[in-house]
Amino acid sequence: MMSRSYTNLLDLAAGNFAALGPSGGGRRRSGSFGMKRMPRVMTVPGTLSDLDDDDDEQAATSSVASDVPSSAVGERLIVVANQLPVVARRRADGRGWVFSWDDDSLLLRLRDGVPDEMEVFFVGSLRADVLPAEQDEVSQTLIDGFRCAPVFLSPELNERFYHHFCKRYLWPLFHYMLPFASPLSPTTEAAASGDGGRFDRSAWEAYVLANKHFYEKVVEVINPEDDYVWVHDYHLMALPTFLRRRFNRLRIGFFLHSPFPSSEIYRTLPVREEVLRTLLNCDLIGFHTFDYARHFLSCCSRMLGLEYQSKRGYIGLEYFGRTVGIKIMPMGIHMGQLQSVLRLPEKEQRAAELLQRFEGKTVLLGVDDTDIFKGINLKLLAFETMLRMHPKWQGRAVLVQIANPPRGKGKELEAIQAEIRGSCERINRDFGQTGYSPVVFIDRNVSSAERLAYYTIAECVVVTAVRDGMNLTPYEYIVCRHGIPGSESAPEVSGPKKSMLVVSEFIGCSPSLSGAIRVNPWNIETTAEALNEAISMSEQEKQLRHGKHYRYVSTHDVAYWSKSFIQDLERACKDHFRKPCWGIGLGFGFRVVALDPHFTKLNLDTIVMSYERAKSRVVLLDYDGTLVPQASINMEPSAEIVRIINTLCSDSNNIVFIVSGRSRDSLGKMFASCPKLGLAAEHGYFLRWTRDEEWQTSTHTSDFGWMQMAEPVMNLYTESTDGSYIENKETALVWHHQDADPGFGSSQAKEMLDHLESVLANEPVAVRSGQFIVEVKPQGVSKGLVAEKILTLMKEKGQQADFVLCIGDDRSDEDMFENIADVMKRNIVAPKTPLFACTVGQKPSKARFYLDDTFDVVNMLSSLADASDLDPITELDDDLATSVSSIDISDEPPRLGNRRDEGS
């Protein structure tokens, strides 16, 4: 059954969203798409430019060659964010608009890290209500004058998209708050239903539709062959899939500015897999800290079965042949913009006033947005506790708390604000004196100059957020306390530079500030002691800590951050135009499969033609996952498979083998009705050419004493890893952990691998890890070696193969593919022999060909069987049968008791 969210995406792409109505009116530009239905399934190789109906062909053409002129020839960076770094003001007479850059926007400042030859173009919404009749004119003005393309959303859609789903659901969840019964400011509809902050399907639909409007705007301005797209933050997590569906080679980066929650929190999201998969349609995903990246990787492992790899300092996830890069880089501030404000006379005048106002006082400063996660009241409680525990600061210490107006709405926010005001009044009542108020609470908009003036005079900045993505307040404070290098202004920071920080350990900048005093804000007493320690510290210690922080902040600014991200994005996309790609999947399950240029689907006509021409054929088949699906409950071969195999074996020109990891007893029972079929069991350790032949062994190993050394080690890990078990084969031991906790099972497997390699260092065995397994088996045993032995024996007896087909689906079959590719060079097969090494499923492989699934495999083998020159009385070539049965490869080892027959 298809997920409802998949259906919703398809409905939204088709424009079936009557409940919200159209986006903020106005005529669409000529390059934009109408709301047409996208095909449900796409398996089109190459660039996916035909996702819309035929009547959208003109729009698709204009989207590829943007009608927005570029001021520079070459590559361009398109930055997509929820809001443009532009301030819009309506003219005093009400006729038209005035626009200016938002100097406080760090998205604007990321241009400083972009190469000079690369143009930066912004796509996002405006923080202003533009009438539908004005939208075309506003769009053209912003494109021409600011290189910005505005996205206009209707008020109803914006309410559901931003205020409901983003701010009341996603934002709390990403900050580790589960949507329990207590509502997060429900809207009228949600309140009426009692739904509160729980997942709302209609709000998710609004989120997807809003992301589609952003996508349409990007398509208007993009040149997919040359442009990079950099998407920002959790508001636009659905955008990468829309873009990837249209342009499968587009270079896409994404940076999450909020925390990413642990898998235990994230897994409560009803559309958890959809969001992960749309992010994996990017080429590079950025996070502020390793903790956030680790949580994302853990979610990919637990929910999608993807494991990351670290190579030469880069972290990557293999996703259908593409490597999705993971970038860990905390954002910085813009030094130039801060220093320009520090030079303003307004700032210097305000700083002088504050110095006079707080003369003789020690000022602690908090600058926070008003929301439920900033921990403002925890800070007030800690300050109150400090005054009680250390009475010497009564009358001397002042906490100035700047609370920026809230961006959201809701009952919980109102409760937090009431609690903060109550704490301020209580502290000032209990500890205030004539001319002294311990807490100065500012809950209004504060200009940049005034904010920096407070930074300049503060002895310590305190951040007690219980969860925050980055929080650049400490960085700004450090720069303000340092002043402008070489400047004689700002006498308030003259002399030795010093600063002190008390920061929550739950904010993104905390790991970068090694000289700060880190606190758990929930521990009020410990935080109070940290405040006392910070303002009581020696001047020399404050100077040393400040110097360390300033060196980091001044070198890791926003330009450094953006430059590093763009460089890694370029590296992640370097193979985009080398590999063939296919777009497949429904809705948010859409993904691009990138394959090696020489990796193609096995053509039925080609292999049948080669088969008919050949006189000495070898067919090597894996079993599990190749002839029967891995997930099948009944693993016995069907009557159709038995018929096909018997038909192939009856052709005197054919040698057919099943090469499997299963035990010989298991294979012998399953194919008892195939008298002429060859079997290679336990990855080729046991070999039998026909049903009537005796089993032979591929090596001379008969000492399995190592099992008594390995099994106790495996038992140790099995007992401590719930869901794991040991599979005992005649020649191997396999530890399975597919039913264990993914993270713990993987960790235990790595530990076991090291343990076994140490214990069995002097034994003739190989210890290997695979997909959810750790295996110990004799050296010199692999499917590749048994394939080579079969071909070599045929050559020695004058039956040199002139057609080779081998098919498999897992890692053990890769050895077979690798050896098959090499037999031509060593003249083991006839010259110009067609070699068909084929894997099952489109995935990176050493095989040159692939088939989609077991159905395709059986269908192809059926075609080969039909092509055989059948004769009811034909028997296997007597000379070859006699010669191979007389060869004693080695003595058969003793049976090792009762073994499980499970195979891979």
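This text follows the structure it describes.
Residues numbered from 1 in each chain as written. Predicted model: local features only at pLDDT ≥ 70, side-chain atom pairs only at ≥ 80, totals over all residues. Heavy atoms only, no water.

1. A closer look at the packing of aromatic side chains
- Enumeration over the complete set of coordinates arrives at 35 aromatic pairs.
- Aromatic side chains W204 and F588 sit 5.6 Å apart centroid to centroid with 45° between the ring planes, which places their arrangement in the tilted category. Here W204 is found in helix α7 (residues 201-221), whereas its partner F588 is found in the loop between β19 (581-584) and β20 (591-594), with 384 residues between them in sequence.
- Given a relative accessible area of 2%, W204 falls into the buried group.
- Taking the relative accessible area as the measure of exposure, F588 reaches 1% and is therefore buried. (Phe/Tyr/Trp six-rings, centres within 6.5 Å; stacked < 30°, edge-to-face > 60°. Helix = DSSP H or I, 4+ residues; strand = E, 2+ residues; numbered from the N terminus. Buried < 20%, exposed > 50% of the residue type's maximum accessible area, 1.4 Å probe, protein only.)

2. Description of the packing of helix α10 (residues 272-279) against helix α11 (residues 290-304)
- Between α10 and α11, the least distance of the axes is 11 Å, while the angle of their chain directions is 120°. The pairing of α10 with α11 is recorded here as oblique in orientation. Between α10 and α11 lies a crossing whose hand is left-handed. The segment α10 lies against α11, with R272, E273, L276, R277 and L279 engaging F296, C299, C300, M303 and L304. (Axes fitted to C-alpha atoms, helices over the stretch in contact; angles between N-to-C directions. Parallel < 35°, antiparallel > 145°, perpendicular 65-115°, else oblique. Left-handed = near helix turned anticlockwise from the far one by under 90°. Contact = heavy atoms within 4.5 Å.)

3. Quick look at the sheet that holds strand β30 (residues 773-778)
- Overall, antiparallel pairing links the 4 strands, which are arranged β27-β28-β30-β29 in an open sheet. Since the sheet does not close on itself, it has two edges, and those belong to β27 (725-728) and β29 (765-770), each with one partner. Neighbour to neighbour, the strand axes of the sheet diverge by 15° on average, direction disregarded.
- Looking at chain direction, β27 and strand β28 (residues 733-736) are connected through 4 bridges and run antiparallel. Within the sheet, the bridge partner assigned to I726 lies in β28 and is W735.
- The strands touched by helix α24 (residues 706-720) are β27, β28, β29 and β30; relative to β28, the strand with the most contacts, the crossing angle is about 10°. (Pairing = 2+ DSSP bridges.)

4. Thoughts on the pattern of salt bridges
- The final tally for this structure, using the stated rule, is 45 salt bridges.
- R160 serves as the salt-bridge partner of D200, at 3.1 Å between the closest nitrogen and oxygen. A residue pair is termed long-range when its members are at least 10 positions apart, and D200 in the loop between α6 (188-193) and α7 and R160 in helix α5 (residues 155-174) qualify at 40 residues.
- For the salt bridge of R294 with D291, the shortest nitrogen-to-oxygen distance reads 2.8 Å. A residue pair is termed a helical-turn pair when its members lie 3 or 4 positions apart in one helix, as R294 and D291 do in helix α11 at 3 residues.
- A relative accessible area of 39% places R294 in the partly exposed class.
- Accessibility expressed as a relative area gives 39% for D291, which makes it partly exposed.
- Taken together, the salt bridges that share partners define one network made up of E384, R388, R426, R429 and D430. (Salt bridge = Lys/Arg side-chain N within 4 Å of Asp/Glu carboxyl O.)

5. Here we look at the pairing of strand β32 (residues 835-840)
- Taken across its 6 residues, β32 has 5 buried, putting it largely inside the fold.
- Following the backbone out of strand β31 (residues 803-808), through helix α27 (residues 811-822) and into the adjacent parallel β32, one traces a crossover that is right-handed.
- In terms of strand pairing, β32 meets strand β33 (residues 849-851) through 3 bridges, oriented parallel. Counterpart to T839 in the pairing with β33 is Y850. (Right-handed = clockwise from strand over helix to strand, strands pointing away.)

6. A word on the nonpolar core
- Within the largest apolar cluster, 105 residues are counted, with the highest numbers of intra-cluster contacts made by F260, L280, I285 and F296.
- Broken down by element, the residue count for this core peaks at 12 residues, all from α7.
- Not counting residues within four places of it along the chain, the set of residues in contact with F260 comprises F174, Y176, Y266, L276, F287, Y292, H295, F296 and C299.
- Judged by nonpolar contacts, the second largest core, of 63 residues, contains V608, L648, C838 and M860. (Core = buried A, V, L, I, M, F, W, Y, C linked by side-chain atoms within 4.5 Å.)

The analysis is restricted to geometry; functional conclusions fall outside its scope.
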